[in-house]
Amino acid sequence: MIKAILIFNNHGKPRLIRFYEYFAEDVQQQIIRETFHLVSKRDDNVCNFLEGGSLIGGSDYKLIYRHYATLYFVFCVDSSESELGILDLIQVCYITLLYTYHLQVCYITLLYTYPLQVHFILQEVVMGGMVLETNMNEIVGQVELQNRMEKSEGGFSAAPARAVSAVKNINLPEMPRNINIGDINIKVPSLSPF
Amino acid sequence: MALKIVKGSIDRMFDKNLQDLVRGIRNHKEDEAKYISTCIDEIKQELKQDNIAVKANAVCKLTYLQMLGYDVSWAAFNIVEVMSSSKFTYKRIGYLAASQCFHESTDVIMLTTNQIRKDLSSPNQYDTGVALTGLSCFVTPDLARDLANDIMTLMSHTKPYIRKKAVLIMYKVFLKYPESLRPAFPRLKEKLEDPDPGVQSAAVNVICELARRNPKNYLSLAPLFFKLMTSSTNNWVLIKIIKLFGALTPLEPRLGKKLIEPLTNLIHSTSAMSLLYECVNTVIAVLISLSSGMPNHSASIQLCVQKLRILIEDSDQNLKYLGLLAMSKILKTHPKSVQSHKDLILQCLDDKDESIRLRALDLLYGMVSKKNLMEIVKKLMLHVDKAEGTTYRDELLTKIIDICSQSNYQYITNFEWYISILVELTRLEGTRHGHLIASQMLDVAIRVKAIRAFAVAQMATLLDNAHLLTGNTQRNGICEVLYAAAWICGEFSEHLEEPMVTLEAMLRPKVATLPGHIQAVYVQNAAKLFATVLRGHEGVPADSMVAQETSQLLIDRLPLFVQSSNLEVQERASCILQLVKYIQKLQQKDVEVAEEVTALFAGELNPVAPKAQKKVPVPEGLDLDVWINEPPSGSESEDEGRKSKGKAVFAKEESRHTKPRYTEVDEKELAKRREVRKAEQANNPFYIKASPSSQKVYQDGVGVEHIPVVQIDLSVPLKVPGMPMSDQYVKLEEERRERNKADKKKKKDKKKREKGEKGRRRRGDSGPESEEDITPAHMVDIVTEEMPENALPSDDDDKDPNDPHKALNIDLDKPLADSEKKLPVRSHRPDEVLKSPMEDRQVVEVVPEPKKKTGKEKKEKKDRKKSKEKKKKHKQEEEEDLMGAGSEEPVQPEETKEVAAPPPASTPEASDLDFWLSNAPVPSNPQAAAAPASTPRTASGMAAVAPDSEPEEAKDTEPEETKSSTHKKKKQKKEKKKKKHHHNHSDGAGDESVQNGTVEEEEPLPPMSNYALLAENSYIKMVCDIQGNLQDGSQVVVSVIFENKCDSFIKSMEFNVLDSLNSKLQRPDGAGPHDGLIVPFQLPPGISNEARFIFSVQNIVMPQKLKGTLTFIVKTDDSSTHEKLDFKLHFTCTSYLITTPCYSDAYSKLLESGDLKGCSLKLEGVNQPFHHLLARICFHHHFSVVERIDSCASMYSRSIQGHHMCLLVKTADQTVSIDAKCDEPGLLGNVLDEIKLTFSQC
């Protein structure tokens, strides 16, 4: 079982949190802080597993994380999940994210502009703490179908609001100058494609 | 004006959306909280709008704020509103918000049930999907109960997307509503073989999760999983299954044997590290579960260790970490194979990654031996010095102590070395583990007698250098060590060479800065030392001065402690001070006191086991639960009891009255008494005043600089504690071992004797044989801890009682009872639900036909001609095929004789597994495999022939055979299902059930069904069963099975009942009281299906009948006709009863309460076994057995309105007497009549 999924930036600001077990809001924030504290002091070249956050889990739980440029993707899982499997799953989530939005948006702004969309993608991967789908094509397909449906209903906010926000969106200094993500040297352990 | 409104709504449209909010928060970094609070105000405004789009926008923003830690539960109702929007866009947002912030105590969840149900049955798969996803996060017990049926239906949805979500969410439903597990399980099992890999994976996921918590209930699924494992190519599924097997093998070692082969193959073949790792893990689990006796046992271990070594050597830190993790599992059972990789693990200790270092430390724990302990600890000590960061250093410290002290100091050959290690560890600054070191010092000093002299010397040095330990920081945890040091020096002071020096060290003024409990020990042990000094110096005239000086020293220094704010210190100090003063007086008179003073501390303290107190057995005849005095009679009211003070029975009560009185007295007279006391003290010349003024007098009198100890101190060869002494021991030890070896070479004959001696000396020494030649440096005798006599060896480990998975510990192998099966199933059932037994037999007979044509079978026919013996066997097999699964049982005993793999079969399900496990021993290579794998059922005769036949042919037949056997298994299960629905069995069918139908060991029961014929005509047949509704006290559920008997299609069925005053059919809202209910399915020819109707009932005391009609259209190719069928629904009183389990204590309480009215019944001429009789009552009348003793049983049931009904059933010579009690006599009478009727019918 996956107990929680946390995505936060290099400063510990949450970008997405998903708890599959109830915690009050203040406890959630505490967990984020603690997790950030644990994760952030680790070098990038050490292993991606961490035992023992005191707030979440207990001895059976592990934190499994990946660090992409400015973002930490942290999964809190128990012993029924395969450690390497979850690492791959994080990778799948991340690539799906980039793929769905056509790599047009640098990941920093991605979670700014599409906070809900990230949730929707995640919902296709993990459901109620259990892994739902690991095949990236399937995930992307379902997300796109749903987004298409949303579009056919006229989109989330009405067209004018969309136009306005589009104008507001042109915030030149914030546009990523370099959309090259060649620096993600992700080593996918040779897991045959899920 | 109108324009203004329009403008207002356009303004709304330009409200902040989520992106604006995000950007806004970013732009207001300095006053974020303020900005957000204005945003929340805006959101509140937006939520008040009627426009759903605006609301959705607001909810969307709230979801974001929730992530930032703001409580948004106040908007829960608005979230529900957005959830119920018809547009997918908004619905999705609503469900997302709900899944983020709803939880079990959110009260609006109650409102969502119908909305969710509607969404679940939505034609749009994404509506359903979104609802399922949302529900998975906030499902409550109520929701689970209400929606279990709907979700179960979705498990057979046409879209795999929905199916997989429905399957996954079932796990959450099971957790919240455990009752649903058994009814839903068969379908869940089906999904393991779903054509869609996603659904399959989901089902595997759920079952693995269930099985992890209660593995033994899922053992019977092992064959199925085994098949999946060998066939699946989805790594994710494979990993899950392999993990599951890891959990199952400890329960069934034979399973492990079967697994090793395919797992090793996987290890060799897979390129996926994750899979490889899990395989290795499970192989390890298997090897652990197999205690012994595997031929290629060591080969497997070698393979695992080898692979793990590759992982550990990998540059990827993750693999390294996992490799070490798995290695530690092997270590527990096969330490030798790990020990050969010591180099690698020690190397990992130097890794830059702390997680890896910690893992490596764990491994070291198991790797030490007598030989390498010193070396390893030396290495660790180096790390301690290097380590930065106290956590890792503390971890190292505890590990060192763990490693050394494990299994009763098994690996320590030289305790001097260990003591010096401990002393070295005290130099650690800022460690939290001072108490740990201290307890080790105490433990070793107490339990190893030989080491005491050395320990005492070391401790004396420690005390002397105490200032180094306490150093600058007051709260330094390490000063705990002084506690141990002081105690050891005091207790074993006879070993002290210079007790005077130590005594002086213990009484330095600086000691007063130590924590109170340590000071107390100092004071107490100073007294012990004093006694030793006295004894040492008395009698020798020259030394009597020394003794007196010592007394004087104490008298000088102790007042410092008398002043202490710590009560314990103060008390001990003043006590001892008085004592010493008295002794001094005697000394001055030249009286010998040493003997008497020593007697104060005589006797030896033995170590006591930590659990000793708990294990003191309760003396015979002492019952702690029994009243000491008679309890006050129940009739007496509590107030009365309190008033009558004289009568108070319990000591407790007594004290309650008396206590306040005393305090009152105290307070009144306190001041007065104090005055009196002060006056007395002032006049008493012997009273020692602890006032500062008197203290001053003492200090002025002697002065610190006059203490003679200072000079003596210089003469002591001071060991500087900064020098690492333990290293010397390592060298010494090596030398000693060398010498030993040389000695042994010379005196081989002596060796034997020496060994024997050592064996006697060291208790609990169970080191590996190879280490036997290392003799301990000292005569070490470890005193075992004391336990009370007759202590029980039991160790009760309690599990977490709040674990939700406890409720899911449900036996899934037991066939579903009718009542259970129905509970959550609302509509479509498998087609074969209701068929006459004849049809069943036909089906059974037809199925095996094509199988016979396989090559295998043909070959057998040929063989049959050759050998008569084989012929016989084949016949058996044929029979077996004909009878389906049923006959596997009787064949098995024979087979086991021949194959010599004896699994005792107790229940049919277990024997399914047994069969699978004993069957087909895993082939070591595919060629040789064919023979055993293909012949298990035809047994040894065949096996002897098989190798002669061409290998290729054999190969071909193998899969065929396995296929057919699995096929058969499926069939077997299906048949079991069917059987439960049979009304009557023909004789043949009855025989079958005797063979495999029951769980009990007693004579099995004939099949039973509660389905009674309702009505029948040439088109359709209706049978029904009536049950109380568990959830609602005034409802009964009527399950009707419609069976199409004609060749035409039946559709538009409408079910209607003429309501009575008492009982009404529940119709949907808006329907008139006379409208019929549409049956939600159509019936193709020969098909049956079940529908459920709910009736509300007011009075349940009387049975009653309701008239009803079923109208339907019979559609043939060219025409359709309206038909109708009348029926009478008979609501018996039994149908108002609900099977409710009851514990015997609750049961007896119920009977004692006296609220129940009795009634009894006698049945003559019942010639059934008693357990049949009970089963019948249980089954037909919804009772449960509370207790059964021989031919007497108590039973319990409860009506839907909560009436308790208790039965006492006794039997003797075909006469059954039933004494019944119930709080509703009318109901009871009717139920008894019905029971009578049941037995008159059979």
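Here is what the cut-offs are and how they apply
Residues numbered from 1 in each chain as written. Chains lettered and ligands numbered in written order. Predicted model: local features only at pLDDT ≥ 70, side-chain atom pairs only at ≥ 80, totals over all residues. Heavy atoms only, no water. UniProt positions renumbered as here; feature names shortened; annotations may be inferred. Contact = heavy atoms within 4.5 Å. Salt bridge = Lys/Arg side-chain N within 4 Å of Asp/Glu carboxyl O. Polar contact = N/O pair within 3.5 Å; in protein donor to acceptor, adjacent residues only side chain to side chain. Helix = DSSP H or I, 4+ residues; strand = E, 2+ residues; numbered from the N terminus. Nonpolar A, V, L, I, M, F, W, Y, C, P; charged D, E, K, R; others polar. Pairing = 2+ DSSP bridges. Axes fitted to C-alpha atoms, helices over the stretch in contact; angles between N-to-C directions. Buried < 20%, exposed > 50% of the residue type's maximum accessible area, 1.4 Å probe, protein only. Phe/Tyr/Trp six-rings, centres within 6.5 Å; stacked < 30°, edge-to-face > 60°. Lys NZ or Arg CZ within 6 Å of the ring centre and 35° of its normal. pLDDT = per-residue confidence, 0-100. Expected span 1.5 Å × (residues − 1). Patch = residues over 30% accessible without salt bridge, like charges linked within 9 Å, V, L, I, M, F, W, Y side chains within 5 Å. Areas by Shrake-Rupley, 256 points an atom, 1.4 Å probe, with all protein chains shown as cover. Lys, Arg positive; Asp, Glu negative; His and termini not counted. Charge placed at Lys NZ, Arg CZ, Asp CG, Glu CD. Parallel < 35°, antiparallel > 145°, perpendicular 65-115°, else oblique. Left-handed = near helix turned anticlockwise from the far one by under 90°.

Going by an unreviewed UniProt entry, chain A carries the name Adaptor related protein complex 3 subunit sigma 2 and comes from Oncorhynchus kisutch. Entered under Sequence similarities (unreviewed entry) in the UniProt record, the comment concerning chain A runs "Belongs to the adaptor complexes small subunit family."

Caption draft 1: Structural view of the interface of chain A and chain B. Taken together, the contact between chain A and chain B spans 71 residues of the former and 75 residues of the latter. If you look at where chain A meets chain B, you find 8 salt bridges. Linking chain A to chain B there are 27 residue pairs in polar contact (both at pLDDT 80 or more). Of the residues forming the side of chain A that touches chain B, the biggest block, 7 residues, is contributed by helix α5 (residues 136-152) of chain A. Looking at the side of chain A that touches chain B, its residues break down into 30 nonpolar, 22 polar and 19 charged.

Caption draft 2: Inspection of the sheet that holds strand β1 (residues 2-9) of chain A at higher detail. All names here are of chain A. The 5 strands lie next to each other as β2-β1-β5-β4-β3, forming an open sheet whose pairing is antiparallel. Two strands lie at the open edges of the sheet, namely β2 (14-19) and β3 (49-51), each paired on one side alone. Mean inter-strand twist for the sheet, computed between neighbouring axes without regard to direction, equals 20°. When β1 meets β2, the two strands line up antiparallel, connected through 5 bridges.

Caption draft 3: Region of interest: the pattern of salt bridges. Residues and elements named next belong to chain B. Following the criterion strictly, the structure yields 39 salt bridges over all chains and no others. With its nearest N and O atoms 3.1 Å apart, the salt bridge here joins K55 to E81. Linking K55 in helix α4 (residues 52-67) with E81 in helix α5 (residues 76-83), this pair joins segments that are 26 residues apart in sequence. The exposure class assigned to K55 is buried, which follows from its relative accessible area of 8%. Here K399 makes a salt bridge to E395, at a shortest N to O gap of 4.0 Å.

Caption draft 4: Seen up close, the packing of aromatic side chains. A full pass over the atoms with the stated rule returns 22 aromatic pairs over all chains. Look at F1042 of chain B and F1081 of chain B: their rings are 6.0 Å apart centre to centre, the planes differ by 65°, and that puts the pair in the edge-to-face class. Of this pair, F1042 of chain B sits in strand β3 (residues 1035-1044) while F1081 of chain B sits in the loop between β6 (1077-1078) and β7 (1088-1097), and the two are 39 residues apart along the sequence. Exposure remark for F1042 of chain B: the relative accessible area of 0% places this residue in the buried category. An aromatic cluster of three or more residues is present, and its members are F8, F36, Y65 and Y72 of chain A. The ring of Y61 of chain A has K3 of chain A lying over it, and the distance from NZ or CZ to the ring centre is 4.3 Å. Sitting above the plane of the W74 of chain B ring, K44 of chain B keeps its charged end 4.9 Å from the centroid.

Caption draft 5: Inspection of the confidence of the model for chain B at higher detail. Residues and elements named next belong to chain B. Across chain B, pLDDT averages 72, with 67% of residues at or above 70. Confidence, read as mean pLDDT per element, is least for helix α38 (residues 709-715) in chain B (35) and greatest for helix α10 (residues 160-176) (92). For this predicted complex, the interface confidence reaches an ipTM of 0.83, while the overall pTM sits at 0.56.

Caption draft 6: Expanded view of the confidence of the model for chain A. For chain A, the mean per-residue pLDDT works out to 75, and 69% of the residues sit at or above 70. The model gives residues 162-194 of chain A a pLDDT under 50, and that stretch makes 46 contacts with residues more than four places away or in other chains.

Caption draft 7: Structural context of helix α30 (residues 516-537) of chain B. Across its 22 residues, α30 of chain B extends 31 Å between first and last C-alpha, which sits within 8% of the 32 Å expected from 1.5 Å per residue. Among the 22 residues of α30 of chain B, 18 are classified as buried, and the element is accordingly described as predominantly covered.

Caption draft 8: Focus on the pairing of strand β9 (residues 1120-1131) of chain B. All names here are of chain B. By the bridge criterion, 12 bridges tie strand β8 (residues 1104-1115) to β9 in an arrangement that is antiparallel. Across the sheet, residue G1108 finds its bridge partner in β9, namely F1127. Connecting the antiparallel pair β8 and β9 is a turn made up of 4 residues.

Caption draft 9: Spotlight on the pairing of β7 of chain B. All names here are of chain B. Judged by how many residues are buried, β7 sits mostly within the fold: 8 of 10 residues are covered. Pairing between β3 and β7: 9 bridges, direction antiparallel. Paired with V1036 across the bridge in β7 is F1095. Note: strand β5 (residues 1063-1065) against β7, 3 bridges, orientation antiparallel. Looking across to β7, one finds that K1064 is bridged to S1096.

Caption draft 10: Fine view of the sheet that holds β3 of chain B. Residues and elements named next belong to chain B. Strand order in the open sheet made by the 5 strands is β1-β2-β3-β7-β5, with antiparallel pairing throughout. Pairing within the sheet leaves two strands with one partner each, and these edge strands are β1 (1012-1016) and β5. Sheet twist, expressed as the mean angle between neighbouring strand axes with direction ignored, is 30°. Relative to β3, strand β2 (residues 1020-1028) runs antiparallel, the two being bridged by 9 bridges. Within β3, the position partnered with I1026 by the bridge is V1038.

Caption draft 11: Highlighting a nonpolar patch on the surface. Together, V618, L622 and L624 of chain B make up a nonpolar patch on the protein surface, roughly 310 Å² of accessible area in all. Along the polypeptide, L622 of chain B turns up in the loop between α34 (612-615) and α35 (638-643).

Caption draft 12: Broad picture of a negative patch on the surface. On the surface, D590, E592, E595 and E596 of chain B cluster together into a patch of negative charge. Tracing the sequence through the fold places D590 of chain B in the loop between α32 (567-588) and α33 (594-599).

Caption draft 13: Quick peek at the environment of Q125 of chain B. Residues and elements named next belong to chain B. For Q125, the location among the structural elements is in helix α8 (residues 125-138). You can call Q125 buried: its relative accessible area is 15%. A C-alpha to C-alpha distance of 6.8 Å links Q125 and I162, two positions 37 residues apart in sequence. Those residues in contact with Q125 that lie beyond four places of it in its chain are K159, Y161 and I162.

Caption draft 14: A look at the environment of Q570 of chain B. Residues and elements named next belong to chain B. Take Q570: it is sitting in helix α32. For the pair Q570 and P559, spaced 11 residues apart in sequence, the C-alpha to C-alpha distance is 9.0 Å. Discounting chain neighbours no more than four positions away, the residues touching Q570 are F561, V562 and S564.

Caption draft 15: Fine view of the packing of helix α2 (residues 18-27) of chain B against helix α3 (residues 32-48) of chain B. Residues and elements named next belong to chain B. Relative to each other, α2 and α3 sit at 155°, their axes nearing to 9 Å. Between α2 and α3, the interaxial angle falls into the category roughly antiparallel. Remark: the crossing between α2 and α3 carries right-handed chirality. Here D20, L21, G24 and I25 of α2 come into contact with α3, specifically with E32, Y35, I36 and C39. The residue makeup of the contact of α2 with α3, split by class, is 5 nonpolar, 1 polar and 2 charged.

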